[in-house]
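# Secondary and tertiary structure notes
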Amino acid sequence: MTHNDDPTTSLLNLLAAVSRVLHEERPFVQRLHRLFSLLRLAIRYRDGRITCWLQSARPGATRQQVYSPESWPYPWDDRLTRSVALGGQLIIKTIALGDPNQPGDGLPLISASYLGMPIFWGGRLWGVFELRSDDQSHFAHRTTELVESLKPLLAAAIAQEGVQSSRLPAPRFAGETPLGITLTPSLRQKIIALNDQLEQTLDLHELLGIVLRRALEGSGAEAGAIALVDHERRELVLHLYEGYASEQAGAALPKMPRQRWGWDIGLAGQAVQVRRPLLVRDAGREPGLPNGMPFLAELAAPISTDERVLAVLILHSRRANTFTEEVLAFIDALRERAGLPLARAMAYQVAYETSYHLGQVFSSLPIGLALLDLNGRVIRANPAWHQVWRLPEQPQRSSFYVGIDLVEHLLTRLSDPFRLSEFCDLGQRSPDQVFEINLQLRQPYQELHVLSVPTRDSHHQLTGRLWVVSDRTRERESDRLKDEFIGIVSHELRTPLTSILGYTEILLNRQDLDSESQREFLLTVSNEADRLHKMVKDLLDVSRLEAGVVKLNRWAVGLWQVIEELTLQLHTQLVQHKLLIDMRTPLPPVFADRDKVKQIIVNLLSNAIKYSPEGTEIQLIVRQAEASDLPAGHPAGQWMLITVQDQGIGIEPEDQARLFERFHRVDNSNTRQKSGVGLGLYITRLLVELHGGRIWVQSTVGVGSSFSFTLPIWTVQRVEGALEE
């Protein structure tokens, strides 16, 4: 129907075409399929369904459901169908499709539009006509006029099919499905119509949906499911189901979807083991099935190929005479036709999942990976490849060659560009060889290791190369820090140990020492032992802090009392310096661990004493922080600001950035004369950050340094938050 057509004329032409289709000499399901195709000329919908009662709408009557050829993977809601049938009026409403509580089924939660119309004509309900769309505007006023006009045509077609179905022979009751029964022309047409759909479908979920829906249409069963077979675990895996009322699904099948159960339970498992369809007329009494199952007949038909069962089709009906011999023959033919397409779809699904998982691994690895063709052109690369070379994610050129574009990009950072060019050429001159190279880049400094290995196709023919690029900068830095740590610690340990051993040997071997000399030697031994004790303590503190085993015993702490105790503790160290305390009381208490606060301030004061000339001033400033006092990125809230300011040697700007790192020591002539392993400020930073604060430094060479850190001010909210942790 085009936009230039008169609406009334177009509607009449469409209804005439529908009338001709519904009265053709074709199987009933094929006629309804052609009806759905005609409706697409006037209505934009995703899928449709017609539920019809071939004799009456009373309980136990023969019901048949026919779905549109184009199916949507979302299952239909039979509660809506019953609501339309009972209401007796056409309804259009917005519905939610998908289950937000079951994200693993691959169907996201979406909003859709639903149209349901009871086929009520001549004082009798013949069925329910339903459409679904992903856009509610598709079901406009013209759509309601059209579907209302279909009522008498559909009612007549259903009535005619009901008369023909009443002439079928009486069902035979048996424990197994019959063999060798010839299909009726109507069921044979259903199988023929199914062939093209199965052959054109590769998606596993879509193919199983087609099989299940056509089985429901052809058998007249009210509910059904398909479970895949896991031979290794001897289990059935529920994949798809249709027609189960929510209050009955729990009794009929395990909780859905993707639930498993052993094939030793129920008729489905028995059918898998004997490799043939099985039928039970009173499923509610079958041993091993849940009590109270609301179905009178159950059919389980395995779908197999090459003597291997791939899946099992399960059908349920509330009527004992649903599965006639003709229906059983139809199901037997359907499962035989579905075997090879199902095997193909399962193989495709495995290949797709494998490719998808490998793609996830390829994309998620922190090592740069790039597939190159024989000419050195990058075919595919993961995000880490761009990050490690610092390349833009979207290159300006459509083709990127490592021998040209990569060298050009790194030209300013390479000390020897020809070395990388030669490495790229080696891969093309000897495409079957493995090569590797270590590169050093500057601005910023990087140490990269590049491994180039050949790639081959399934026929072992060379297709190109795989480049594996790993950034070893941090590894090299870690090795450097380890070597530096060993050197510093060995030196720092050797010095006091030498003094302790030397003076101890003198005390043991010299009997002529006067008491003053002995006292001096013992004092030296004691001081050196204290140095060793402090080094070991710092190493243990670092180990415990990095392992996360240090717990804070926090409460309201008054800083004035803490500082008073510290001045007494550091009295001997402050003899040759002046300590000025700037603390405007009263100040609110901080929410902190008292002992850890003392350790932080002692570390900073000891550093200031160590690196300040004799006679200079050291200031300890305590005040409540303003927003302008805090550095960028500092956490919000109320904070106390503590600053230790000295008039020492100062720190170069390039050293300030690494001052709080582990084992870092400023390397100059002044610092070399001072002992230490470079852990004091690192421990201080970890303790401050453990409280939630931050520490920073401001320094000018030759003028002095100012170390500042923050501690949270005590509030009720902070205490409650700590208790919850």
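All figures in this text were calculated on a predicted structure; none of them were measured in a lab.

A few words now on helix H15 (residues 515–547). Its 33 residues place the ends of H15 48 Å apart at the C-alpha level, agreeing with the 48 Å of an ideal helix rising 1.5 Å per residue. Among the residues making up H15, those that are buried are Phe521, Val525, Glu528, Leu532, Met535, Asp538, Asp541, Val542 and Leu545. Once H15 finishes, glycine 548 follows within two positions and takes phi at roughly 75°, a positive value.

Pairing is mixed in the open sheet, where 5 strands are placed in the order S18-S20-S21-S23-S22. Here the strands that pair on one side only, and so sit at the sheet edges, are strand S18 (578–583) and strand S22 (695–700). Strand-to-strand twist of the sheet, defined as the mean angle between neighbouring strand axes without regard to direction, takes the value 15°. The sheet contacts of helix H17 (residues 594–610) involve S18, strand S20 (617–624), strand S21 (639–645), S22 and strand S23 (704–712), and relative to S23 the element is tilted by about 175°.

Of all 8 residues that make up strand S6 (residues 223–230), 8 are buried, and the element is covered over most of its length. Every second residue of S6 is oriented toward a common face, with Ala223, Ala225, Ala227 and Val229 on one face and Gly224, Ile226, Leu228 and Asp230 on the other, all of them buried. Of the pairings in the sheet, the one linking S6 to strand S11 (residues 308–317) comprises 6 bridges and is antiparallel in character. In the sheet register, isoleucine 226 faces S11, and the bridge partner there is leucine 313. The loop that links S6 with its antiparallel partner strand S7 (residues 235–242) comprises 4 residues; one of these, arginine 234, has a positive phi angle of about 55°.

In the contact formed by helix H16 (residues 559–569) and H17, the axes pass within 10 Å of each other and the chain directions differ by 50°. Put simply, H16 runs oblique to H17. Handedness of the crossing formed by H16 with H17: right-handed. Within the contact between the two elements, H16 uses Leu559, Gln561, Val562, Glu565, Leu566 and Gln569 and H17 uses Arg594, Val597, Lys598, Ile601 and Val602. A per-class count over the contact of H16 with H17 returns 6 nonpolar, 2 polar and 3 charged.

What counts, and where the lines are drawn
Residues numbered from 1 in each chain as written. Predicted model: local features only at pLDDT ≥ 70, side-chain atom pairs only at ≥ 80, totals over all residues. Heavy atoms only, no water. Helix = DSSP H or I, 4+ residues; strand = E, 2+ residues; numbered from the N terminus. Expected span 1.5 Å × (residues − 1). Buried < 20%, exposed > 50% of the residue type's maximum accessible area, 1.4 Å probe, protein only. Pairing = 2+ DSSP bridges. Axes fitted to C-alpha atoms, helices over the stretch in contact; angles between N-to-C directions. Contact = heavy atoms within 4.5 Å. Parallel < 35°, antiparallel > 145°, perpendicular 65-115°, else oblique. Left-handed = near helix turned anticlockwise from the far one by under 90°. Nonpolar A, V, L, I, M, F, W, Y, C, P; charged D, E, K, R; others polar.

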